[in-house]
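Notes for the structure review
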Amino acid sequence: MIRRLAGIVGTASLVVAAAGCTSHQANPSPATRSGTASASAVPLPNPSPSNLPVGSKVLIQRDGSGNATVDLTTLAAGQNSVSIHWVCVGKGNLNLVAAGKVVLGGGCADSSADATIDGGTVPIATAKSLSWQIQTAAPNKWRLIVTAG
Amino acid sequence: MRRAILATVASASVMLGGVFGIGSAQASQVNGPQPTVNQPDGCPTTTEYSVYNSLSSFVRDASKTVYGQPGVTLSISAASGTTFSGTVGGSGSFSIDAIVADAKIGVDSSITKSKTTTVTLGGSWTVPSNQSLGWLALGSQGYKMNWSMGHYSGTCVWSQTGSGTALLPALAPVIGHS
């Protein structure tokens, strides 16, 4: 059975903004580190969401390519949830894996101009581990930002 | 069960069992008397495509999909100008453009190979506990269909050279979820 719902339904929200209104906020100077290789030459979009809640704290922001580790165990201490947003350019998917299971992930776009900003908010209470593995093909370029609050 | 959030109300029709592209006249030639008698000019031997068993479906692009465990609130944002595509798979050396062209004629004239957003589209959705891995994606209401290709010999014997499945968008881009 296929169900199609129009408009805003249940727990889902839909945002349609006018063209040209995409916000590219300046990030509040988070610590920036590189992954296994620098992707600074790749003009990836800023993954920071335009509707970042006031008071949000940027825990980490990273550029990289291929596999990497993001350990939020200390950084996210005392938080109820963490939000991660990323863009990925390349082939296949980018997965965020904790304790051997995919917590969230998404497809990588063919080009930075065509990349979507993917993201997810993970409740700390249900997270088995906050030491996440970024798993994606070696040539894939990514940029992510983790926020809390 | 699949759900899709639609920015616009889709009224796509469901078509089952229709065979398009190969006309009944040609089909009767296959089963008819000796073609050398009844078809003195023979049959055209050019490659022909047909699409059939089309079904209204939400069509998403795997590269514009985010997924996660239950309890995770997924989000996705696509800037204006983002292009997403349907998928066409199968056997043989086939032409996607020819399949799309046939689907436009036989299923829905709005069907296309890809769609481009004209506004920024975004959405968020929390994966419910009854889904092991839910997804949220940029896509559009479109069609899932089977396709086949082949050609007639000069003596009007049909030879199938490829077949497969196509998922093609038709309506405006929207954000949908599992």
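The model shown is predicted, which means the values in this text are computed figures rather than measured ones.

1. A few points about the overall build of chain B
- Within chain B one finds 3 helices and 9 strands.
- The order of α-helices and β-strands along chain B, N terminus first, is β-α-α-β-β-β-β-α-β-β-β-β.
- Among the 178 residues that make up chain B, the fraction classed as buried is 46%.
- For chain B, restricting intrachain contacts to residue pairs at least 6 apart in sequence, the fraction spanning at least 24 positions comes to 83%.
- Surface accessibility of chain B: about 7700 Å² in total, with carbon and sulfur atoms responsible for 54%.

2. Regarding the state of the cysteines
Residues and elements named next belong to chain B.
- Summed over the entire model, instances satisfying the criterion amount to 2 disulfides over all chains.
- One disulfide bridge connects C43 with C156, the sulfur atoms lying 1.9 Å from each other. Because the torsion about its S-S bond is 105°, the bridge between C43 and C156 counts as right-handed. One end of the pair, C43, is in the loop between α2 (35-38) and β2 (48-68); the other, C156, is in the loop between β8 (134-152) and β9 (158-177), with 113 residues separating them in the sequence.
- The exposure class of C43 is buried, given its relative accessible area of 8%.
- Accessibility expressed as a relative area gives 2% for C156, which makes it buried.

3. Concerning the side chain of A:T136
Residues and elements named next belong to chain A.
- Mapped onto the elements of the fold, T136 is located in strand β10 (residues 131-136).
- A polar side-chain atom of T136 sits 2.8 Å from the main-chain carbonyl oxygen of N93.
- Of note is the side chain of T136, whose polar atom sits 2.8 Å from the side chain of N140.
- Not counting the four nearest positions on each side in its chain, T136 is found in contact with G66, N67, C88, N93, L94, C108 and W142.

4. Digging into the pattern of salt bridges
- Tallying each qualifying case throughout the model produces 4 salt bridges over all chains.
- Between A:R143 and A:D63 there is a salt bridge, with the nearest N and O atoms lying 3.0 Å from each other. With A:R143 in strand β11 (residues 141-148) and A:D63 in strand β4 (residues 57-65), this residue pair connects regions lying 80 residues apart in the sequence. Considered together, A:R143 and A:D63 belong to a single accessibility category, that of buried residues.
- Close ionic contact of B:D97 with B:K113 constitutes a salt bridge, the shortest N to O distance being 2.9 Å. Of this pair, B:D97 sits in helix α3 (residues 96-106) while B:K113 sits in the loop between α3 and β6 (114-116), and the two are 16 residues apart along the sequence.
- Classification of B:K113 by relative accessible area gives partly exposed; the value is 37%.

5. Section: the pairing of β10(A)
Residues and elements named next belong to chain A.
- Side-chain alternation along β10 places W132, I134 and T136 on a buried face and S131, Q133 and Q135 on a face that remains uncovered.
- Two strands pair when backbone bridges link them, and strand β5 (residues 68-71) and β10 are joined in this way by 4 bridges, in the antiparallel orientation. Paired with D71 across the bridge in β10 is S131.
- Where strand β7 (residues 93-98) and β10 come together, 4 bridges link them in antiparallel fashion. Of the residues in β10, the one forming a bridge with L96 is I134.

Conventions we followed
- Residues numbered from 1 in each chain as written.
- Chains lettered and ligands numbered in written order.
- Predicted model: local features only at pLDDT ≥ 70, side-chain atom pairs only at ≥ 80, totals over all residues.
- Heavy atoms only, no water.
- Helix = DSSP H or I, 4+ residues; strand = E, 2+ residues; numbered from the N terminus.
- Buried < 20%, exposed > 50% of the residue type's maximum accessible area, 1.4 Å probe, protein only.
- Contact = heavy atoms within 4.5 Å.
- Areas by Shrake-Rupley, 256 points an atom, 1.4 Å probe, with all protein chains shown as cover.
- Disulfide = S-S within 2.5 Å.
- Polar contact = N/O pair within 3.5 Å; in protein donor to acceptor, adjacent residues only side chain to side chain.
- Salt bridge = Lys/Arg side-chain N within 4 Å of Asp/Glu carboxyl O.
- Pairing = 2+ DSSP bridges.

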